[in-house]
Amino acid sequence: MNHFMNLDQGKQIQAYYIWIDGSGETLRGKTKTLDCPPTSVEDLPIWNFDGSSTDQSKGANSDVYLKPVAIFRDPFRRGDNILVMCECYTWQNEPHETNKRSECVRVMEKCAEEHPWFGIEQEYTLYEGDGSRPLGWPKNGFPAPQGQYYCAVGTQNVFGRKVVEAHYRACMYAGIKIAGSNAEVMPSQWEYQVGPCEGIDMGDHLWVSRWILMRVAEEFGISVSLDPKPVPGEWNGAGCHTNISTLKMREEGGMEHIMAAIEKMSGKQREHIAEYDPNQGRDNSRRLTGRHETASIETFSHGVANRGASIRIPRQCAHDGKGYFEDRRPASNCDPYSVTSRIMKTICALD
């Protein structure tokens, strides 16, 4: 394969268009040849796809438009080749009902003076290639109980590090604002962090980082699960903890604004839960039980350094009197456009 990937392309490049399908959590993509590298996203042509094959249209009127919105370097094809994040539009040139980014753009524009920064902690679980069991788990039975796997080292504790390291470097090459990674509490579960990103960039960077993760895992014959509770029982679930900071929260006296935002969010528990997974809270109900470092889905809580609360204020921020807070409720398979949009709607009192 590498022999062919090293062949000269001439002046042409390959642009891989990426979009979110009708499930609200699965990514699709296809390649388009361009005569030259674009200088901006506006240079990229609008394209289309068969929405009847992605649960986004009917066969009698199947075309769904792809509108390019963000460009990243392609870490697999390299050179001038690119990855292109896209929004989906109907044949009437209106945002498709699965297009959550369009609403997120509207909200971020209304809240632009807040200069919202986000940092998202994406948890995921690596599985054997056939999806039969988490990577490295015994074929029959379970590994040793949780406790030895978090931020661990050693073949008895860590499974899939090659995927993690390859993904990290591929994200850096692509221009994703990846900030870190670590092994998580459940064996074969990992986390990486993206941010800080301002406004709409958070969703663009996280979605493309997910595509890169899935694509890297292909190279190793490993599958990736974003299920919020991949293994029932005494095993941690997987979240997408979302850190939020507005300009006023970052300035001196910012704690007052952090607490004001938390107070607003306390009155919108139901609305937030509905946006924090693609199935209106049904996925998260298996995870947010009040156990395994989660708060109950039924109640709202907050606290300093409390990982069993809905909202955690980091100890350092409490000490400094400013900074950010962490919403621990979003599920690992959430749409970051929906999550960040919902948070800013609440903070800016847009509904």
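Residues numbered from 1 in each chain as written. Predicted model: local features only at pLDDT ≥ 70, side-chain atom pairs only at ≥ 80, totals over all residues. Heavy atoms only, no water.

**So, the pattern of salt bridges**
Scanning all chains against the criterion turns up 16 salt bridges. A salt bridge links Arg291 to Glu234, with the shortest nitrogen-to-oxygen separation between them at 2.9 Å. Residue Arg291 is located in the loop between helix H7 (269-275) and strand E11 (302-304), and its partner Glu234 is located in the loop between strand E9 (223-225) and strand E10 (240-245); the two are separated by 57 residues in the primary sequence. The shortest N-O distance in the salt bridge between Asp351 and Lys268 comes to 3.6 Å. Here Lys268 lies in the loop between helix H6 (254-266) and H7 and Asp351 lies in the segment after helix H9 (336-347), a separation of 83 residues in the sequence. Through salt bridges with shared partners, a single network forms among Glu87, Arg101 and Asp204. (Salt bridge = Lys/Arg side-chain N within 4 Å of Asp/Glu carboxyl O. Helix = DSSP H or I, 4+ residues; strand = E, 2+ residues; numbered from the N terminus.)

**What to know about the environment of Gly308**
Within the element layout of this structure, Gly308 appears in the loop between E11 and strand E12 (311-313). Residues Gly308 and Ser188, 120 residues apart in the sequence, show an inter-C-alpha distance of 22 Å. The contact partners of Gly308, leaving out residues within four places of it in the chain, are Thr294, Ala295 and Ser301. (Contact = heavy atoms within 4.5 Å.)

**Topic: the nonpolar core**
Formed by 67 residues in total, the largest nonpolar core has its most connected members in Met85, Tyr124, Ile176, Ile212, Phe325 and Met344. In terms of residues, this core owes the most to one element, helix H4 (residues 201-219), which gives nine residues. Counting 15 residues, the second largest nonpolar core, distinct from the first, contains Ile13, Trp19, Leu34 and Leu66. (Core = buried A, V, L, I, M, F, W, Y, C linked by side-chain atoms within 4.5 Å. Buried < 20%, exposed > 50% of the residue type's maximum accessible area, 1.4 Å probe, protein only.)

**What to know about the sheet that holds strand E1 (residues 13-20)**
Overall, mixed pairing links the five strands, which are arranged E2-E1-E5-E4-E3 in an open sheet. Across the chains shown, the open sheet's two edge strands, defined by having one partner strand only, are strand E2 (27-34) and strand E3 (47-50). Each adjacent strand pair in this sheet contributes to an overall mean axis angle of 40 degrees, direction not counted. As judged from the eight bridges shared by strand E4 (residues 63-73) and strand E5 (residues 82-89), these two strands associate in the antiparallel manner. Bridge pairing links Arg73 to Ile82 in E5. The sheet strands contacting H4 are E1, E2, E4 and E5, and the helix crosses E5 at an angle near 120 degrees. (Pairing = 2+ DSSP bridges. Axes fitted to C-alpha atoms, helices over the stretch in contact; angles between N-to-C directions.)

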